[in-house]
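# Fold and contact review
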Amino acid sequence: EQALAHIQSLGDDGRTGAADGIATFVELSVPLVARLCERLGLPGHRPAAVDSARNKHATRAALKAAGLPTPKNYLIKTTAEVVEAGERVGFPAV
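Rules used in this analysis
Residues numbered from 1 in each chain as written. Predicted model: local features only at pLDDT ≥ 70, side-chain atom pairs only at ≥ 80, totals over all residues. Heavy atoms only, no water. Helix = DSSP H or I, 4+ residues; strand = E, 2+ residues; numbered from the N terminus. Buried < 20%, exposed > 50% of the residue type's maximum accessible area, 1.4 Å probe, protein only. Contact = heavy atoms within 4.5 Å. Areas by Shrake-Rupley, 256 points an atom, 1.4 Å probe, with all protein chains shown as cover. Lys, Arg positive; Asp, Glu negative; His and termini not counted. Charge placed at Lys NZ, Arg CZ, Asp CG, Glu CD. Polar contact = N/O pair within 3.5 Å; in protein donor to acceptor, adjacent residues only side chain to side chain.

## Quick word on the overall build of the chain
Across its full length, the chain carries 5 helices and 0 strands. For the chain, the succession of helices and strands along the chain, N to C, is α-α-α-α-α. Seen through its principal axes, the chain has C-alpha atoms that stretch 65 × 30 × 20 Å. Split into buried and exposed, the 94 residues of the chain put 14% on the buried side. Put simply, 16% of the contacts in the chain that link residues at least 6 apart link residues at least 24 apart. When the accessible surface of the chain is summed, it comes to about 7500 Å², and 57% of that surface belongs to carbon and sulfur atoms. The average position of the 11 basic charges and that of the 10 acidic charges among the side chains of the chain differ by 9 Å.

See the structure below:
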């Protein structure tokens, strides 16, 4: 909220102009920048797309849903799923 307020106040001082866009070179800031752009109506990545791109399992699911080839994968949530994951994906696995 604080960052949003500062960005919205750009131009109020008569020396700066309103924000036309927001950019970052810090990967960890990409979700924040996407959300700020969305709130401010600025061009940028959609927050849902950013979140999916930063989550390997979600990215693979989106690629598979689009009919694109993906490596075999399995999201292991409990130790009880390790054997089934190994059977589906094979070894070696990461």
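## With respect to unusual backbone geometry
Of note, the amide linkage connecting Phe91 to Pro92 takes the cis form, showing an omega dihedral of 5°. One can find Pro92 in the segment after helix H5 (82-89).

## Let's talk about the environment of Pro31
Here Pro31 lies in helix H2 (residues 30-40). Sequence separation between Pro31 and Arg46 is 15 residues; the distance between their C-alpha atoms is 9.0 Å. The contacts of Pro31, once residues within four sequence positions are left out, are Val50, Asp51 and Arg54.

## What to know about helix H4 (residues 56-65)
Capping the start of H4, Asn55 holds a side-chain oxygen 3.0 Å from the backbone nitrogen of His57, two or three residues further along. Where H4 terminates, the next one or two residues include Gly67, which has phi positive at roughly 80°.

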